[in-house]
2 protein chains.
Amino acid sequence: MSDPTGRVFDALADPNRRYVLEALAARETATATELAAELPVTRQAVAKHLAALNHAGLVESRREGRETLYQLTPAPLGAAMDWMASVGADWDARLAALRKHLRSRRP
Amino acid sequence: MSDPTGRVFDALADPNRRYVLEALAARETATATELAAELPVTRQAVAKHLAALNHAGLVESRREGRETLYQLTPAPLGAAMDWMASVGADWDARLAALRKHLRSRRP
DNA sequence: GTAATGTGCAACCTGTTGGTTGCGCCTAGT
DNA sequence: ACTAGGCGCAACCAACAGGTTGCACATTAC
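Keep in mind it's a predicted model, so treat the numbers as computed, not measured. (Residues numbered from 1 in each chain as written. Chains lettered and ligands numbered in written order. Predicted model: local features only at pLDDT ≥ 70, side-chain atom pairs only at ≥ 80, totals over all residues.)

Let's shift gears to the relation of the copies chain B and chain A. Of the two same-sequence chains, chain B is brought onto chain A (RMSD 0.0 Å, axial shift 0.0 Å) by a rotation of 180 degrees. Overall, the copies show the geometry of a two-fold rotation axis. With an isologous cut-off of 70% or more, the 100% of interface residues of chain B that recur at the interface of chain A puts this contact in the isologous class. (Least-squares fit on C-alpha atoms with pLDDT ≥ 70 in both. Contact = placed C-beta atoms within 7 Å.)

Residue and element names in this part refer to chain B. Taking 1.5 Å as the rise per residue, helix H4 (residues 43-55) with 13 residues should run 18 Å; its terminal C-alpha atoms sit 18 Å apart, in good agreement. All buried positions along H4 are accounted for by Val46, His49, Leu50 and Leu53. In an axial view of H4, the angular spread of the buried residues amounts to 100 degrees, which keeps them on one side of the axis. Those residues of H4 hidden inside the fold are in contact with helix H1 (4-12), helix H2 (15-26), helix H3 (32-37), strand E1 (59-64) and strand E2 (67-72). Trailing H4 by a residue or two, Gly57 shows a phi angle of about 80 degrees, which is positive. (Helix = DSSP H or I, 4+ residues; strand = E, 2+ residues; numbered from the N terminus. Expected span 1.5 Å × (residues − 1). Buried ≥ 20, exposed ≤ 12 C-beta atoms within 10 Å, placed from the backbone. Arc of directions from axis to C-beta.)

The partner chain A presents 25 residues to the 24 residues of chain B that form the contact. Breaking the side of chain B that touches chain A down by element, the ones donating at least two residues are H1, H2 and helix H5 (75-105) of chain B. Among the elements that take part in the side of chain B that touches chain A, H5 of chain B stands out by supplying 10 residues, more than any other. Taken together, the residues of the side of chain B that touches chain A sort by class into 16 nonpolar, 2 polar and 6 charged. (Nonpolar A, V, L, I, M, F, W, Y, C, P; charged D, E, K, R; others polar.)

Residues and elements named next belong to chain B. Within the secondary structure, Thr31 sits in the loop between H2 and H3. Given 18 C-beta atoms within 10 Å, Thr31 falls into the partly exposed group. For the pair Thr31 and Arg18, spaced 13 residues apart in sequence, the C-alpha to C-alpha distance is 16 Å. In contact with Thr31, not counting residues within four places along its chain, are Glu67, Thr68, Leu69 and Tyr70.

With that settled, the discussion passes to the pairing of strand E2 (residues 67-72) of chain A. All names here are of chain A. With 6 bridges connecting them, strand E1 (residues 59-64) and E2 associate as antiparallel partners. Within the sheet, the bridge partner assigned to Val59 lies in E2 and is Leu72. From the end of E1 to the start of E2, which pair antiparallel, there are 2 residues, and Gly65 there has a positive phi angle of about 70 degrees. (Pairing = 2+ DSSP bridges.)

This part covers the protein's contact with DNA strand D. Near DNA strand D, the surroundings consist of 19 residues, among which Thr42, Gly65 and Arg66 of chain A together with Thr31 and Thr33 of chain B are the closest. For the surface near DNA strand D, the secondary structure elements donating two or more residues are helix H4 (43-55) of chain A together with H3, H4 and E2 of chain B. By residue number, the principal contributor to the surface near DNA strand D is H4 of chain A, which donates 4 residues. (Near = placed C-beta within 6 Å.)

What follows deals with the environment of Val41 of chain B. All names here are of chain B. Relative to the assigned elements, Val41 resides in the loop between H3 and H4. Judged by the 12 C-beta atoms lying within 10 Å of it, Val41 falls in the exposed class. In sequence terms Val41 and Gly88 are 47 residues apart; their C-alpha atoms lie 36 Å from each other. Discounting residues that sit within four places of it in the chain, Val41 has contacts with Asn16, Ala36 and Val46.

In the vicinity of DNA strand C lie 18 residues, with Thr31 and Thr33 of chain A together with Thr42, Ala45 and Gly65 of chain B positioned nearest. Contributing elements (two or more residues each) for the surface near DNA strand C: helix H3 (32-37), H4 and E2 of chain A together with H4 of chain B. Per-element tally for the surface near DNA strand C: the top contributor is H4 of chain B, with 4 residues. Tallied by class, residues from the surface near DNA strand C come to 5 nonpolar, 9 polar and 4 charged.

All names here are of chain B. Look at H2 against H4: their axes get within 10 Å of each other, and the N-to-C directions meet at 75 degrees. With respect to H4, the element H2 is oriented roughly perpendicular. Counting all contacts with H2, which are made through Asn16, Arg17, Val20 and Leu21, the residues of H4 involved are Val46, His49, Leu50, Ala52 and Leu53. Residues of the contact of H2 with H4, tallied by class, amount to 6 nonpolar, 2 polar and 1 charged. (Axes fitted to C-alpha atoms, helices over the stretch in contact; angles between N-to-C directions. Parallel < 35°, antiparallel > 145°, perpendicular 65-115°, else oblique.)

What follows is the structure in structure tokens.
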């Protein structure tokens, strides 16, 4: 899955990862241990999810003393939304053409 | 994964499924065998992907004689885009507040 | 210095997933 | 009537993903 948009969708496919994103959107930053406290999984599981999100470019991490802070980086969401909009637009154009065609055949 | 948005992201996470969506956006309709001809997998694999897309509400199927035609139904993409926009907007609002805060402390 | 807190890494387990093959059932041509 | 094309279902397989436990390393607090 080297394609960037694919990585984003793959990251968004897991409910726990989506929750992490929501939590990060609400706070400024958070640590893996904080996030694990609000989820029914261990800290290591959350760390794995954060790594996946980082791999998709949705999250940045910086070390601050003995804790590592994670922060949202929502830019790649734009590319994913573009892909969806493009698919939807193509379909819509096709639908419009079909409607026009039908109208011309049955005025 | 009962949440509708989750189903959409899950469906979009696979590159072959995304290709199927692109192909369906370009044509009016297509059969599983047609789509399998443009992909390096068997017809049954494509049929499974189409079932997943149907489960996510992204595709409709209708039987026409001895072949079943699949057609795009991009409506659920809207909900998924809304989710992404909301996360991005929350983050953006947080960022704007932070900028304002910093400016007020260092005029 | 030592205890506590927080992290990262590695091994391991288990369920799911993408894929295949094989078969049986319709439908459409001839 | 019979043959060929197209689908669906079930079994099976290898690989991966989400999760856990255990441990070693770094950093703060006392």
